[in-house]
Amino acid sequence: MNENNIESLREALKHSPENVPLRHMLAEALLGLNRLEEAEEEYSKLLKMGGDTRAKVGLATVFYKKGSYSACNVILEEVIEKGSGDIQVFVLHARGLLKENEIARAIESYKKVLEIDPKFADDELDSQLRMREQRIVDEDDETDERFLQKPDINFEDVGGMDAVKKEIDLKIIKPALHPELYKAYGKKTGGGIMLYGPPGCGKTFIAKATAGQVNARFVNVSLDDILDMWVGNSEKNLHDIFELARRNTPCVLFIDEIDALGASRSDMKQSSGRHLINQFLQELDGINHSNDGVLIIGATNTPWNLDPAFRRPGRFDRIIFVPPPDEYSRETILRLKLKNKPSGAIDLKNIARKTTNYSGADIDAIIDIAIEQKLEDSFTDGIPQPLETKDLLNAVKKHKPSTQEWFATARNFALFANDSGLYDDILAYLKIKK
Ligand SMILES: Nc1ncnc2c1ncn2[C@@H]1O[C@H](COP(=O)(O)OP(=O)(O)O)[C@@H](O)[C@H]1O
Ligand SMILES: [Mg+2]
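Attention shifts here to the overall build of the protein chain. Scanning the protein chain for helices and strands turns up 21 helices and 6 strands. For the protein chain, the spread of C-alpha atoms along the three principal axes comes to 90 × 65 × 45 Å. Put simply, the protein chain has 434 residues, and 35% of those count as buried.

Next comes the structure, spelled out in structure tokens:
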């Protein structure tokens, strides 16, 4: 397309200004010639005419070329939100994010690109993202901070979960505090525990509280954060995380979303899943590098995808079910969460009774909803009012429990794939007789 074509297109549009395909041609031609102001004008017109994804992506491209990266990203995010799976959208988004130095998100976007087309290659993105991702953890404190925390909660902040607390105490706290005693009884120490259960029921929370309980640091990482599409990088990242933990003992190393190791995941195709599993097992075994002082807690929503090799002694040899809180635990959680909120006398028992199947996270949400409503009311009345029972009960009606979907799946595994009795806890919870 050259300058003359542009003039003819403009001429044609004078006669039929509503011709959308024609205007797209003009806009794209202008964009191709880097006549950005004019292209922007045409795309804006298209958008005013009820423009679609194509117009939005065009405008985002104009912004990208003009160096307005954040405007570009905002538009693309909206397009992606609406469900566009177009590879060009993700490529441009990855570039825009890279310019804004949002490396982790740029990598996410680029992963999408490779999911859609595994053979896609872009030199700039490849070199930039690969180069930076290799530095996910290094000796410098700034990157460490992303994963390393000093927890400010302990077991007292965790409502209910008595069985889980007891297991953690026996399996990892006591052995760490009294290694000689365990040795005297010929009991092996080391290894970790694996928590599983529906989302929002406190797996991450109790892991963090465990660290607080023993005054240790907390290394919190989701396997998803370290998975990399390049062969070898995921293994290196995993090793770096273990090394970070080993440098910061005593600590609790919490590894979330272990299900991301499931070989069926599309982003695992690039990096070979088996290699990563082997690397993981090697790190857990701590043969080359001692794990002394590192308490390892894993979590997964889908334990049935866990490679059996992980369950051998000295690895994740305790698999613990973290159920939704029972009525009494819900009452405790409510009391804990309302402690620092302006509230009157609240009938906690009543609310606990009406929140069967609600997770801890659901209870957080209910309190949030109730408080938001209270805030709104106090703007109209001008007087801040404390929370009352009825506010929370209203909020319960607005927020449905989120644990049921998980049980629909878990139930099947417990019924039909429970050879080693691994899921007896689920059966017991669902009151199903073996
Ligand atoms: N037993 C509990 N006691 C107190 N708060 C809880 C409890 N369980 C969950 N929560 C709250 O719910 C939030 C989400 O829980 P989280 O540990 O992230 O769930 P999971 O890791 O199992 O998906 C926590 O940050 C915490 O505020
Ligand atoms: Mg979690």
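The discussion continues.
A word on the site of ligand 1. Neighbouring ligand 1 are 17 residues, the closest being Gly202, Lys203, Thr204, Phe205 and Gly360. Contributions of two or more residues to the shell around ligand 1 are made by α12 (203-213), α16 (327-338) and α18 (360-381).

It is the contact of helix α4 (residues 53-66) with helix α6 (residues 87-99), at a shortest axis distance of 11 Å, that shows an interaxial angle of 25°. Relative to α6, α4 is oriented roughly parallel. The element α4 and its partner α6 pack so that their crossing is left-handed. Residues Val57, Ala60, Thr61 and Tyr64 of α4 form the contact with α6, whose own contacting residues are Gln88, Val89, Leu92, Arg95 and Gly96. Taken together, the residues that form the contact of α4 with α6 break down as 5 nonpolar, 3 polar and 1 charged.

Bringing the sheet that holds strand β6 (residues 316-321) into the picture now. Pairing in this open sheet of 6 strands is mixed, and the strands run β1-β3-β4-β5-β2-β6 from one edge to the other. Of all the strands in the sheet, the pair left with one neighbour each is β1 (148-149) and β6. Pairing analysis gives 5 bridges linking strand β2 (residues 192-196) to β6, with the strands arranged parallel. Considered in β6, the bridge of tyrosine 196 is made with phenylalanine 321.

Here the protein chain is partitioned into domain 1 (3-133), domain 2 (141-321) and domain 3 (327-398). Domain 2 and domain 3 are separated by 33 Å when their C-alpha centres are compared. With 9 residues of domain 2 at the contact, the number on the domain 3 side is 9 residues. Along the lines of polarity and charge, the residues of the side of domain 2 that touches domain 3 split into 4 nonpolar, 4 polar and 1 charged.

With that settled, consider the environment of valine 91. Inspection of the secondary structure assignment puts valine 91 in helix α6. Sequence spacing of valine 91 and proline 342 is 251 residues, and the spatial spacing of their C-alpha atoms is 48 Å. Residue contacts for valine 91: discarding those within four places in its chain leaves Val113 and Asp122.

Within the secondary structure, serine 109 is located in helix α7 (residues 103-116). Distance from serine 109 to lysine 56, taken between C-alpha atoms, is 18 Å for residues 53 residues apart in sequence.

The subject of this paragraph is the packing of α6 against α7. Their axes nearest at 8 Å, the elements α6 and α7 cross at an angle of 160°. When the axes of α6 and α7 are compared, the pair comes out roughly antiparallel. When the axes of α6 and α7 are compared, the crossing they make is left-handed. Facing Ile87, Phe90, Val91, His93, Ala94, Leu97 and Leu98 of α6, the residues of α7 in contact are Arg105, Ala106, Ser109, Tyr110, Lys112, Val113 and Ile116. Looking at the contact of α6 with α7 residue by residue, the classes come out as 10 nonpolar, 2 polar and 2 charged.

You can see serine 402 is positioned in the loop between α19 (389-398) and α20 (404-416). C-beta crowding within 10 Å serves as the criterion here: with 18 such atoms nearby, serine 402 is assigned to the partly exposed category. For the pair serine 402 and glutamate 81, spaced 321 residues apart in the sequence, the C-alpha separation amounts to 22 Å. Not counting residues within four places of it along the chain, the set of residues in contact with serine 402 comprises Pro199, Gly200, Ser359 and Asp362.

Now for α7. For α7, spanning 14 residues, the distance from its first C-alpha to its last is 20 Å, which sits close to the expected 20 Å at 1.5 Å a residue. Buried within α7 are the following residues: Ala106, Ile107, Ser109, Tyr110 and Val113. For α7, the arc enclosing every buried residue in end-on projection is 165°, short of the 170-degree limit, so these residues lie on one face.

About the thresholds
- Residues numbered from 1 in each chain as written.
- Chains lettered and ligands numbered in written order.
- Predicted model: local features only at pLDDT ≥ 70, side-chain atom pairs only at ≥ 80, totals over all residues.
- Helix = DSSP H or I, 4+ residues; strand = E, 2+ residues; numbered from the N terminus.
- Buried ≥ 20, exposed ≤ 12 C-beta atoms within 10 Å, placed from the backbone.
- Near = placed C-beta within 6 Å.
- Axes fitted to C-alpha atoms, helices over the stretch in contact; angles between N-to-C directions.
- Parallel < 35°, antiparallel > 145°, perpendicular 65-115°, else oblique.
- Left-handed = near helix turned anticlockwise from the far one by under 90°.
- Contact = placed C-beta atoms within 7 Å.
- Nonpolar A, V, L, I, M, F, W, Y, C, P; charged D, E, K, R; others polar.
- Pairing = 2+ DSSP bridges.
- Domains from an automatic or database assignment.
- Expected span 1.5 Å × (residues − 1).
- Arc of directions from axis to C-beta.

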